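# Tertiary structure, described
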Amino acid sequence: MALTHYIEFENYPWPADAGKIMTSILPLMDQDCPIEVLSINEEFRSDVKAATSKYYLKRFKVTGIVVEMGKDAHGLDSIQLSDEEGGYCRLLCVLKSAAEYDGKKPGDKVIMEGNFMDCHPEYGVVLKMSVTV
């Protein structure tokens, strides 16, 4: 199933460290609690360059509601998160493995952890090597 929900974002250049981001477990940010997907979405909308600098080469936890599960545009296993059931994708979690689908379905509130990749014009904030917390 192709992922279809999205919200427009300013396009941001592909990160120079893309290979490292897509294949390594990056250092985890110090967080008291997971970031709500709407909060991080708004942070990037207000100043994409400052937000990118803040999260670049970092791994962090987010929480949101599963909107869709399936392959992304590159054929990778992914989960789209929103702030509301049936809402637009505000964050795309590209999974470390398909096993991360286990026990999840659209409408579930989840906590995911992943490496910040970029801010995609269709999918919003993108995390790579994502796992369930």
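Before reading on, note that the structure itself is shown above.
Numbering of residues begins from 1 in every chain and follows the order in which that chain's sequence is written. Where totals are concerned, whole chains, interfaces and linings use all residues; where local detail is concerned, this predicted model gives features only for residues with pLDDT of at least 70, and gives and counts side-chain atom pairs only at 80 or more. For the side-chain quantities, the full set of heavy atoms in the structure was used; hydrogens and water were omitted.

Here we take up the pattern of salt bridges. Should a side-chain nitrogen of Lys or Arg be within 4 Å of a carboxyl oxygen of Asp or Glu, the pair is scored as a salt bridge. The tally for this structure, following the rule as stated, stands at six salt bridges. Measuring nitrogen to oxygen at the nearest pair gives 2.8 Å for the salt bridge that ties E113 to R59. One end of the pair, E113, is in strand β5 (residues 109-120); the other, R59, is in strand β2 (residues 59-71), and 54 residues separate them in sequence. With a 1.4 Å probe rolled over the protein chains alone, any residue whose accessible area is under 20% of its type maximum counts as buried; one over 50% counts as exposed, and the rest are partly exposed. Here E113 falls in the buried class, since its relative accessible area comes to 15%. Helical segments are the DSSP runs of H or I of at least four residues, strand segments are the runs of E of at least two, and each set is numbered from the N terminus.

Residues of helix α2 (residues 37-46) that are buried: V37, I40, N41 and F44. Seen end-on, α2 carries its buried residues on one side only, within an arc spanning 105 degrees. Arc definition: it is the arc formed by the directions from the helix axis to the C-beta atoms.

With that settled, consider the nonpolar core. The set of buried Ala, Val, Leu, Ile, Met, Phe, Trp, Tyr and Cys residues whose side-chain atoms join them within 4.5 Å is what this entry labels a nonpolar core. Residues F44, L81 and L91 are the most contacted members of the largest nonpolar core, which totals 23 residues. The set of elements that each furnish at least two residues to this core consists of α2, α3 (48-55), β2, β3 (77-82), β4 (91-95), β5 and β6 (124-132). Ranked by size, the runner-up nonpolar core spans nine residues in total, among them L26, L92, V94 and V126.

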